[in-house]
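Structure assessment
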Amino acid sequence: MSSHWADINADKIVREKGEKDRYTCASGITPSGTVHVGNFREIISVDLVVRALREKGHEVRFLYSWDDYDVFRKVPATVTDRERFEEYLRWPITLVPDPEETYESFARANEAELEGQLERVGITPEYIYQATQYRASTYARGIRTALEKRDRIREILNRFRTSPLPDEWWPVSVFSRFTNRDTTRIVGWDGEWGLTYFCEESGQEDTIDLRETGFAKLPWRIDWPMRWAWEQVDFEPAGKDHHSEGGSFDTARHVVREVFDWEPPVTFQYDFISIKGRGGKMSSSSGEVISLRDVLEVYQPEVLRYLFAGTRPNSEFAISFDLDVIKIYEDYDKCERIYFGQETVNEKRAAKERRIYELSQVDAPPAALPAQIPFRHLCNLLLIHDGTIDAALADMPGYTEFDDELKRRARERAACAWNWVQEFAPDDFRFHVVDPETTEPRSLSDAERTAVAGLRKMLAAGLDDRSDKDVQNGIYDIARDAGLEPKDLFRTLYLILVNQERGPRLGGFLKTLGAPRVLRILERY
RNA sequence: GGGCCGUUAGCUCAGCUGGUAGAGCAGCAGACUCUUAAUCUGCGGGUCGAAGGUUCGAUCCCUUCACGGCUCACCA
């Protein structure tokens, strides 16, 4: 039995909710801007628990709610035509146009972006669009229940408020038929389906039938528990902001029991994640959010999942874009070797790593240990080939025998490596092989020229049947014969080859470059 | 003011349902005629924040306290 947190939570759901034909796990967010990786933690947490439940043989409904009937409160920083968009403030975001004009609405643009990225990491929930639900009057009964239990709801919320809600407070808001805005005031309710509101901008009064128009919407703290009951949600985690006493999850759990007659879902609290090694904030209000797409530029889907599967939800962690990236890829590869029994650790650790590896896969785990291409090595290969992925991979021993899936993964990793090298690697990590056509030769001392001649001689004999170490040692001999300090010769050679004082370990580097290419550079000395 | 979470080797942290603590980095010693945060080998007795309690036995459970962080009470 696995002690992974996803399995523990799956067991907990079954224990607390009893044996059911189907369990409903839910997640969701308001698409009022680019969805950032912080929000991703919630959905992947649910995905992992859903997988655990399914693997235990349970049927699971995995819901993702887009709260696209929420109000457009603030024009996002990324919008250039601000004046035009200020017109839409207080509208439901589902009616606000897409600033890029690609999708039918601002909400849809944000939704489509995330949905596409989620698919890449193997997360395919059933999406529910709350604007569609509300506007189809799906929740008429739920809204009426809230109206009927208005006093009770107010009393629940007041338990946690510093200043109590006024007597004229209603547990519902209305988008005006005349302006689309929620700048309205409820003025009456007929005790059944008729709700009357006053539109403050147009000064008009209007009565709607909850069963026929979708203008009415429950505020968040009531909407959430109403939908728990409607969708019969068994599990939904939430961020720590919601989980404090008096926070929205807490009031929702009271409301769902006392008003909607449903038990609150099993839950856990997940902590926030931060970003290390690059600029950009996590809040959606500033334009500079780090999205799932941004993270996937540097992390393969499996490695990204590994990051979350390997970390307990209630601990904070940072997604790194700095040199940690190399370490994380190495850790992932190690985890993979442990899964395939190629590296031995104690059984307890092995069991844990195996489970993490399974949960990290987008699809089923490979049948056998895939050829691993160390991230750092891949970076060097790409640098040698100026970022040409095909050329870099062709230098990998055995690459031509890879099957299609292996090739696909290798290319994916190479793309991440190249993105990382270009965007985030430290400057001294990068190098550029000199092009003899366009670069003037350096001036050398006599001893250096002798050494270069010696190296040419070695290269002319071919490198293919020499080991990295052998080539490396050859350079020492050359240095000694030329009367140079090896250290100085190394520096000189790097200057000649990559125009920097340092570079990749020379033995392997020369072999990877290939004798002909190196000779073309050395020929001029 | 309420709630939640931390406090474990110099640093970063594992230790998930109690049996007297582990890993990475740093450090030290040795090897490598070198250079990717260089590589290899060896070296880890730290009152597990403090004090009580439960237990045959607690880093892991309970209580209290100290320090640190987050969060709620406006909206989602």
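Counting starts from 1 at the beginning of each chain's written sequence and moves along it residue by residue. Starting at A for chains and at 1 for ligands, labels are handed out in the order in which the entities are written. For this predicted model, a pLDDT threshold of at least 70 governs which residues receive local features, and a threshold of 80 or more governs which side-chain atom pairs are given and counted, while totals over whole chains, interfaces and linings are taken from all residues. Working from all heavy atoms in the structure, the side-chain values ignore hydrogens and water.

**Section: the domain arrangement of chain A**
The accessible area lost on association of the parts is a frequent measure of interface size. What the domain assignment reports for chain A is domain 1 (1-138 + 271-369), domain 2 (173-217), domain 3 (370-430) and domain 4 (446-522). Here the limits of each domain have been adopted from an automatic or database domain assignment. Distance between the C-alpha centres of domain 2 and domain 3: 59 Å.

**Describing a negative patch on the surface**
Two joining distances apply to patches: 9 Å for like charges and 5 Å for nonpolar side chains (Val, Leu, Ile, Met, Phe, Trp, Tyr), and every residue must have over 30% relative accessible area and no salt bridge. Only the protein chains shown count as covering a residue, and every accessible area follows the Shrake-Rupley method with a 1.4 Å probe. Here, a salt bridge means any side-chain nitrogen of Lys or Arg that lies within 4 Å of a carboxyl oxygen of Asp or Glu. In this tally, Lys and Arg are treated as positive and Asp and Glu as negative; His is ignored, and so are the chain termini. For charged residues, the charge sits on one atom: NZ in Lys, CZ in Arg, CG in Asp, CD in Glu. Taken together, the side chains of D81, E83, E86 and E87 present a region of like negative charge at the surface. Along the chain, D81 falls in the loop between β2 (59-66) and α3 (82-86). Helix and strand assignments come from DSSP, with helices taken as H or I runs of at least 4 residues and strands as E runs of at least 2, each series counted from the N terminus.

**Overview of the nonpolar core**
Only buried residues count toward a nonpolar core, which is a set of Ala, Val, Leu, Ile, Met, Phe, Trp, Tyr and Cys residues joined through side-chain atoms within 4.5 Å. Throughout this description, buried means an accessible area under 20% of the type-specific maximum (1.4 Å probe, protein chains only), exposed means over 50%, and partly exposed covers the range between. Counting 114 residues, the largest nonpolar core has F40, Y299, L304, I319 and W420 as its most contacted members. Counting residues per element, this core draws most heavily on helix α2 (residues 37-55), which supplies ten residues. Throughout, a contact is declared for two residues whenever any of their heavy atoms are within 4.5 Å. Those residues in contact with I319, other than ones at most four positions away along the chain, are V37, I273, S274, I275, K276, V295, Y299 and F308. Counting residues in hydrophobic clusters, the runner-up holds 44 residues, among them I128, A146, L165 and V255.

**A closer look at the packing of helix α12 (residues 301-309) against helix α14 (residues 347-360)**
Working convention: axes come from line fits to C-alpha atoms, limited for helices to the stretch in contact. Angles between N-to-C directions cover 0 to 180 degrees. At their nearest, the axes of α12 and α14 sit 8 Å apart, and the two run at 130° to each other. The orientation of α12 relative to α14 falls into the category oblique. Crossing geometry of α12 relative to α14 is assigned as right-handed. Here α12 contributes P301, E302, R305, Y306 and A309 to the contact with α14, which in turn contributes I356, L359 and S360. Each residue gets one label: Ala, Val, Leu, Ile, Met, Phe, Trp, Tyr, Cys and Pro are nonpolar, Asp, Glu, Lys and Arg are charged, and the others, such as Gly, are polar. Looking at the contact of α12 with α14, its residues break down into five nonpolar, one polar and two charged. Working rule for angles: under 35 degrees goes down as roughly parallel, over 145 as roughly antiparallel, 65 to 115 as roughly perpendicular, anything else as oblique. By definition, any crossing whose near helix is turned counterclockwise from its far helix by less than a right angle is left-handed, and any crossing with a clockwise turn is right-handed.

**Comments concerning helix α21 (residues 506-513)**
Within α21, six of the eight residues are buried, which leaves the element mostly enclosed by the surrounding structure. For α21, the full list of buried residues reads L506, G507, G508, F509, L510 and L513. Positive phi shows up at G514, right after α21, with a value of about 90°.

**Considering the protein's contact with RNA strand B**
Looking at RNA strand B, there are 40 residues lining it, with R73, R376, F490, Y494 and R505 nearest. Sugar and phosphate atoms represent 59% of those atoms of RNA strand B found within 4 Å of the protein. Between N or O atoms, a polar contact is any pair within 3.5 Å; within protein, one atom must be a potential hydrogen donor and the other a potential acceptor, and residues adjacent in sequence are included only when both atoms are from side chains. R161 places a side-chain nitrogen or oxygen 3.4 Å from a phosphate oxygen of RNA strand B. K352 has a polar side-chain atom sitting 3.2 Å from a base nitrogen of RNA strand B. Broken down by secondary-structure element, the contributors of at least two residues to the surface near RNA strand B are α8 (220-231), α9 (240-243), α13 (324-339), α15 (375-384), α19 (468-482) and α20 (486-498). One heavy atom within 4 Å of a molecule or strand is enough for the residue carrying it to be called near that molecule or strand.

**Brief notes about the sheet that holds strand β3 (residues 126-129)**
Two strands make a pair as long as DSSP finds a minimum of two bridges between them. Taken together, the three strands give an open sheet; going across it, the order is β1-β2-β3, and neighbouring strands pair in parallel fashion. Edge positions in the sheet fall to β1 (22-29) and β3, since each has one partner strand and no second. Geometrically, the sheet is characterised by an average inter-axis angle of 30° between neighbouring strands, direction not taken into account.

**Thoughts on the packing of aromatic side chains**
The rule is short: rings of Phe, Tyr and Trp, with Trp giving its six-membered ring, pair when the centres are within 6.5 Å, and they are stacked under 30 degrees, edge-to-face over 60, tilted in between. Inspection of the entire model under this criterion finds 28 aromatic pairs. Note on W220 and W224: the rings are 4.7 Å apart at their centroids and 20° apart in plane angle, and the pair reads as stacked. Here W220 and its partner W224 are both found in helix α8, four residues apart, which amounts to about one turn of the helix. Using a relative accessible area of 32% as the deciding quantity, one classes W220 as partly exposed. Here, a charge over a ring means that NZ of Lys or CZ of Arg falls within 6 Å of the ring centre while also lying within 35 degrees of the ring normal. One cation-aromatic arrangement involves R144 over W193; the distance from NZ or CZ to the ring centre is 4.7 Å.

**Some points on the pattern of salt bridges**
Scanning all chains against the criterion turns up 35 salt bridges. Taking the shortest distance from any N to any O, the salt bridge between R177 and D206 comes out at 2.8 Å. One end of the pair, R177, is in the loop between β4 (173-174) and β5 (184-189); the other, D206, is in strand β7 (residues 205-209), with 29 residues separating them in the sequence. The class of R177 is partly exposed, set by a relative accessible area of 39%.

**Here we look at the sheet that holds β7**
Ordered in space as β5-β6-β7, the three strands form an open sheet in which the pairing is antiparallel. Of all the strands in the sheet, just β5 and β7 have a single pairing partner and so form its edges. Geometrically, the sheet is characterised by an average inter-axis angle of 30° between neighbouring strands, direction not taken into account. Relative to strand β6 (residues 194-199), β5 runs antiparallel, the two sharing five bridges. Residue pairing in the sheet places W189 in a bridge with L195 of β6.

**As for the packing of helix α18 (residues 446-460) against helix α22 (residues 515-522)**
One way to put it is that α18 packs onto α22 with a least axis distance of 10 Å and a crossing angle of 155°. With respect to α22, the axis of α18 lies roughly antiparallel. Taken as a pair, α18 and α22 cross one another with a handedness that is left-handed. Side by side, α18 and α22 meet where V452, L455, R456, L459 and A460 of the first sit next to A515, V518, L519 and L522 of the second. When the residues that make up the contact of α18 with α22 are grouped by side-chain class, the tally is eight nonpolar, no polar and one charged.

**Looking at the environment of R227**
By secondary structure assignment, the location of R227 is in helix α8. When its relative accessible area of 5% is taken as the criterion, R227 is described as buried. Separated by ten residues in the primary sequence, R227 and K217 place their C-alpha atoms 12 Å from one another. Not counting the four nearest positions on each side in its chain, R227 is found in contact with S65, D67, Q130, Y139, W220, Q232 and V233. Within the structure, the side chain of R227 is placed 3.3 Å from the side chain of D67, a separation counted as a polar contact.

**Quick word on the side chain of D206**
Residue classification places D206 among the buried positions, given a relative accessible area of 11%. Side-chain polar atoms of D206 contact the side chain of R177, separated by 2.8 Å. In terms of polar contacts, D206 uses its side chain to reach the side chain of Y197, at 2.7 Å. If sequence neighbours within four positions are ignored, D206 has contacts with R177, F178, L195, T196 and Y197.

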